Each structure stands twice: as C-alpha cells, then as structure tokens.
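# Structural features, examined
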Amino acid sequence: MTKFPRDRILDTYGLFARDYGGWVAVSGLIALLRELDVDAQAVRSAASRMKRSGLLVPERVDGKAGYALSADGREILEAGDRRIFGNGVRPSHDRWLLVLFSIPEPERSKRYLIRSQLARLGFAPGPAASWIAPASLADEARTMLRRHGLDGYVSFFEGDFRPHGDEPHIATEAWDFGVINKLYSEYLATQQPISEAWVAEPGSDRDAFVAHMNNISAWRPLPYADPGLPPSVTPSGWLADEARETFTKLHRQLRPAAHRFYLATLEAATRR
C-alpha cells in the first residue's frame, strides 16, 4: 500500500477532477486509488484529514457523498502546475534572489516556518543566514509567504553574483548537484522505458491511468529539488532537460487513455 494517500488524492484532483467540475464521489476516489494499492480506509482517512486542513470541501451530489476542492486547494494545485508543467526553459541569465528575514523573539516559531516553506520551494541556505534561489522564483516565494502571513518578516534582494578569482559560485555551495542529477537519472531509468514501450505498443486505459499517476508522482519532487538552476552553474552531463522532455512526452502519451479510465471508473462506482 502506498505511504502517501494524500498525494495520490491531490494528484487525482490535479490531473483529472479539475477538468470535470472538481467534485469526486468518495466511492469514485476509493475505486480509482484501489488501482494504485491504496485501500478504502486509507482513502477515507486521508480525505478526512484534507477536509480538516482546508484542502477539500465535503459535498453531496445526487445523494452521493464526495469532496470538492476548496479555494485553497485550487490555489495550491495551480501553484504546483506552474512548477511541474512549466516550460522547463532554464534561464540563460545568472540572476539570483536572496531572502533575509528578521523574527522577533516572541514569534521565533515563525523562523522554522519560513525556512521550511522556502526549502519546499527549492531555496537553499546561503551566506550570512540568507536563503538563495534563482530569481525566477520571486513571485512564487512572495505568494507562498503571503498565504502563510509571513511576508511582513521577509526582505528580497535580486541581482547578479560575480565570483572573485577562484572563488566558487554561490550555487555550488548551496545545492548538491550530484544528488539532484542522481534524482534525474533515477527518474529517467524508470520512466523513459515506459514512454518507449508505449510508442511500440500502447497499453490499456487502466494501464495508462496507473502509469500517468506514477509519472506525476515520480516527477513532482524534481522541479523543487532543482528550482531552475541555470546552465551557467550546472555541471556537464546535467540531465534536467532530458528528464523534463521525457516527463512531458509521457504525460501527453498517457493522458487521453488515463482520462477515459477515470471517467469510466467514476461512472461505474457511482452507479452502485
């Protein structure tokens, strides 16, 4: 059984439900996620927790219990879309965003919250207690901090970084390029053969649904581990472009059949 039913539920809404009104019957969620080895109790428990956290809203449609996305849930998925399905063009310029924050001692718990939220976006610790990321993350970071009521504690500085002499680039100290490139390599090792096999012989609609969900699950961490690091700092053999090309190709290959399975499964589940 998968360890992350919450993520599987969010992926179901993000990849499918938003295209069909945004509501899914509980019986439909259970039927869909059964194909991914998530049992019924795990689905019910995760959905209930997501309701309490404000991501889902309980609704009955035609007498069937189900959940719709909340406004916050939609906003979170839309923010994820921009990162996950972005054009993937790495910036040719070498512009960086430096974030500093000052928290009064009585509110020191917010220090951890700011650090954790910046880390989730792909920021890395920089010099002198700062946090650093490519400048392209500025709007996303401001939106995230505003959502959590933290924007008033943070200052943003944007500019170039020019190493002096043999001084290493700031990015080489902040990110572990070897670890990130290994993640790309592992993604390609699992998902590229699926794409190639699908070209040779497409599978069933059910196979497409499972592969589509697994593809998004495998890819999701990568645009956050690598927040658009520019070619000026990444080493030779960097696999970002190849991995994103594979993700995009497989997404397009699987999407039509996966949607057919989604609709057919919901219809069957809600007739019972």
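## Observations concerning the sheet that holds strand β3 (residues 64-69)
- Pairing within the open sheet is antiparallel, and its three strands lie in the order β1-β3-β2. Edge strands, defined here as strands with exactly one partner in the open sheet, are β1 (23-25) and β2 (56-61). Adjacent strand axes in the sheet meet at a mean angle of 35°, parallel and antiparallel pairs treated alike.
- Of the pairings in the sheet, the one linking β2 to β3 comprises six bridges and is antiparallel in character. Within β3, the position partnered with Leu56 by the bridge is Leu69.

## Quick word on the packing of helix α9 (residues 205-219) against helix α11 (residues 240-271)
- The N-to-C vectors of α9 and α11 enclose an angle of 145°; their axes lie 7 Å apart at closest approach. The handedness of the crossing between α9 and α11 comes out as left-handed. Touching Asp205, Arg206, Ala208, Phe209, Ala211, His212, Asn215, Ile216 and Trp219 of α9 are Ala243, Arg244, Phe247, Leu250, His251, Leu254, Arg255, Ala257, Ala258, Arg260 and Phe261, all from α11.
- Among the residues forming the contact of α9 with α11, the class breakdown is twelve nonpolar, three polar and five charged.

## Examining the pattern of salt bridges
- By the definition in use, this model includes 15 salt bridges.
- Residues Asp160 and Arg95 are paired through a salt bridge, measuring 3.3 Å at the closest nitrogen-oxygen approach. Of this pair, Asp160 sits in strand β7 (residues 154-160) while Arg95 sits in strand β4 (residues 95-101), and the two are 65 residues apart along the sequence.
- Accessibility expressed as a relative area gives 42% for Asp160, which makes it partly exposed.
- A salt bridge links Lys110 to Glu107; the shortest N-O distance between them is 2.8 Å.
- Here Lys110 falls in the partly exposed class, since its relative accessible area comes to 26%.
- What makes Glu107 partly exposed here is its relative accessible area of 26%.

## Considering helix α2 (residues 26-34)
- Among the nine residues in α2, seven count as buried, and that is most of the element.
- Those residues of α2 not exposed but buried are Val26, Gly28, Leu29, Ile30, Ala31, Leu32 and Leu33.
- Elements in contact with the buried residues of α2: α1 (5-15), β1, α3 (40-52), β3, α9 and α11.

## Re α3
- Over its 13 residues, α3 runs 19 Å from end to end, which matches the ideal 18 Å to within 8%, given 1.5 Å per residue.
- Residues of α3 that are buried: Ala42, Val43, Ala46, Ala47 and Met50. Viewed along the axis of α3, the buried residues span an arc of 125°, placing them on a single side of the element. The exposed residues of α3 that point more than 90 degrees off its buried face are Gln41 and Arg52.
- Along its buried surface, α3 packs onto α1, α2, β2 and β3.
- Its side-chain oxygen at 3.3 Å from the backbone nitrogen of Gln41, Asp39 defines the N-terminal cap of α3.

## Focus on the sheet that holds β4
- Taken in spatial order, the four strands make up an open sheet running β5-β6-β4-β7, and their pairing is antiparallel. Edge positions in the open sheet fall to β5 (124-125) and β7, since each of these has one partner strand only.
- Both β5 and strand β6 (residues 131-134) contribute to a ladder of two bridges, which runs antiparallel. When the bridges of β6 are listed, Ala124 appears paired with Ile132.

## Quick word on the layout of surface pockets
- What the second largest pocket holds in volume is close to 150 Å³.
- In this structure, the second largest pocket is lined by Tyr20, Trp23, Val24, Ala25, Val61, Asp62, Lys64, Tyr262, Leu263, Leu266 and Thr270.
- Of all the elements in the fold, those that place two or more residues in the lining of the second largest pocket are β1 and α11.
- Element by element, the count of residues in the lining of the second largest pocket is highest for α11, at four residues.
- For the lining of the second largest pocket, the per-class residue count stands at eight nonpolar, one polar and two charged.

What counts and how
- Residues numbered from 1 in each chain as written.
- Predicted model: local features only at pLDDT ≥ 70, side-chain atom pairs only at ≥ 80, totals over all residues.
- Heavy atoms only, no water.
- Pairing = 2+ DSSP bridges.
- Helix = DSSP H or I, 4+ residues; strand = E, 2+ residues; numbered from the N terminus.
- Axes fitted to C-alpha atoms, helices over the stretch in contact; angles between N-to-C directions.
- Left-handed = near helix turned anticlockwise from the far one by under 90°.
- Contact = heavy atoms within 4.5 Å.
- Nonpolar A, V, L, I, M, F, W, Y, C, P; charged D, E, K, R; others polar.
- Salt bridge = Lys/Arg side-chain N within 4 Å of Asp/Glu carboxyl O.
- Buried < 20%, exposed > 50% of the residue type's maximum accessible area, 1.4 Å probe, protein only.
- Expected span 1.5 Å × (residues − 1).
- Arc of directions from axis to C-beta.
- Polar contact = N/O pair within 3.5 Å; in protein donor to acceptor, adjacent residues only side chain to side chain.
- 1 Å grid on protein atoms, 1.4 Å probe; cavity = no way out; pocket = protein on both sides within 12 Å on 5 of 7 lines; lining within 4 Å.
- Points joined across faces, edges and corners; volume = space filled by probe spheres on them.

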